[in-house]
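The chain contents come next:
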Amino acid sequence: QVQLVESGGGLVQAGGSLRLSCTASGRTFSSYAMGWFRQAPGKEREFVARISTSGGTTYYANSVKGRFTISRDNAKNTVYLQMNSLKPEDTAVYYCAADKISLSTPTYWGQGTQVTVSS
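In every chain, residue numbers begin from 1 and rise along the written sequence. Under the rules for a predicted model, residues below a pLDDT of 70 receive no local features and side-chain atom pairs below 80 are neither given nor counted, while totals for whole chains, interfaces and linings still include all residues. Note: side-chain values were computed over all heavy atoms of the structure, leaving out hydrogens and water.

K.L.:
What is the right way to look at unusual backbone geometry in this model?
P.N.:
Comment: phi is negative for the bulk of residues other than glycine, and the bulk of peptide bonds are trans. The phi dihedral of N77 is positive, around 55 degrees, even though this residue is not glycine. With respect to the helices and strands, the residue N77 is situated in the loop between β7 (68-73) and β8 (78-83). Positive phi is not limited to glycine here, since S85 has a value of about 50 degrees. Where helices and strands are cited, they refer to DSSP runs of H or I of at least four residues and of E of at least two residues respectively, numbered from the N terminus.

Here it is as structure tokens:
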């Protein structure tokens, strides 16, 4: 069982930056691929970014490529999402997810953290 706790959300003006953190319980964090998803009001949850177990491979949604950076610190059981050049359309609840095999259908989810970008 893995428990994920996100933090770092908040209100920011367009063009600003935020860094989200997701800390996992347990001693097997390094065996899980990690990802970030988001859900805006009235919309489906969508993929944002993912990172491999070692951190050597990352992948981003086209909508955030070049603005967001995912990283992980396996010694701290934490994955990060650095978000720069934020836009109002980035406003959503951001969720951390983990899975040992595929992030297409993650096994574990965090409770979410709200990010609001004002214009």
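Resuming the write-up.
K.L.:
It is not clear to me how the environment of C22 should be interpreted in this structure. Could you clarify?
P.N.:
With respect to the helices and strands, the residue C22 is situated in strand β3 (residues 18-24). Placed 13 residues apart in sequence, C22 and G35 show a C-alpha to C-alpha distance of 9.8 Å. In this analysis, two residues are considered to be in contact whenever any of their non-hydrogen atoms come within 4.5 Å of each other. Leave out the neighbours within four places in its chain, and C22 touches L4, V5, E6, M34, W36, N77, T78, V79 and C96.

K.L.:
Before we go on, may I ask you to explain the state of the cysteines in this structure?
P.N.:
In a disulfide, the sulfur atoms of two cysteines are covalently bonded to one another. Two cysteine sulfurs form what is called a disulfide whenever their separation falls within 2.5 Å. Enumeration over the complete set of coordinates arrives at one disulfide. Each sulfur of the disulfide joining C22 and C96 lies 2.1 Å from the other. With the S-S dihedral at roughly -75 degrees, the linkage between C22 and C96 falls on the left-handed side. Here the residue C22 occupies a position in strand β3, and C96 occupies one in strand β9 (residues 92-99), the gap between them amounting to 74 residues. Neither residue differs from the other here; C22 and C96 are each classed as buried. A simple rule labels every residue: compare its accessible area, found with a 1.4 Å probe on the protein chains alone, to the largest value its type can have, and call it buried under 20%, exposed over 50%, or partly exposed in between.

K.L.:
So what exactly am I meant to see when it comes to the pairing of strand β4 (residues 33-39) here?
P.N.:
Taken residue by residue, a regular strand's side chains alternate between the two faces of the sheet. A large share of β4 lies buried, amounting to six of its seven residues. Bridging between β4 and β9 involves seven bridges; their strand directions are antiparallel. Counted as the bridge partner of Q39 is V93 from β9. Any two strands are treated as partners once DSSP identifies two or more bridges connecting them. Direction of pairing for β4 relative to strand β5 (residues 46-51): antiparallel, over a ladder of five bridges. Bridging across to β5, M34 finds its partner in I51. The hairpin turn running from β4 into β5, its antiparallel successor, is six residues long, and G42 in that turn takes a positive phi close to 75 degrees.

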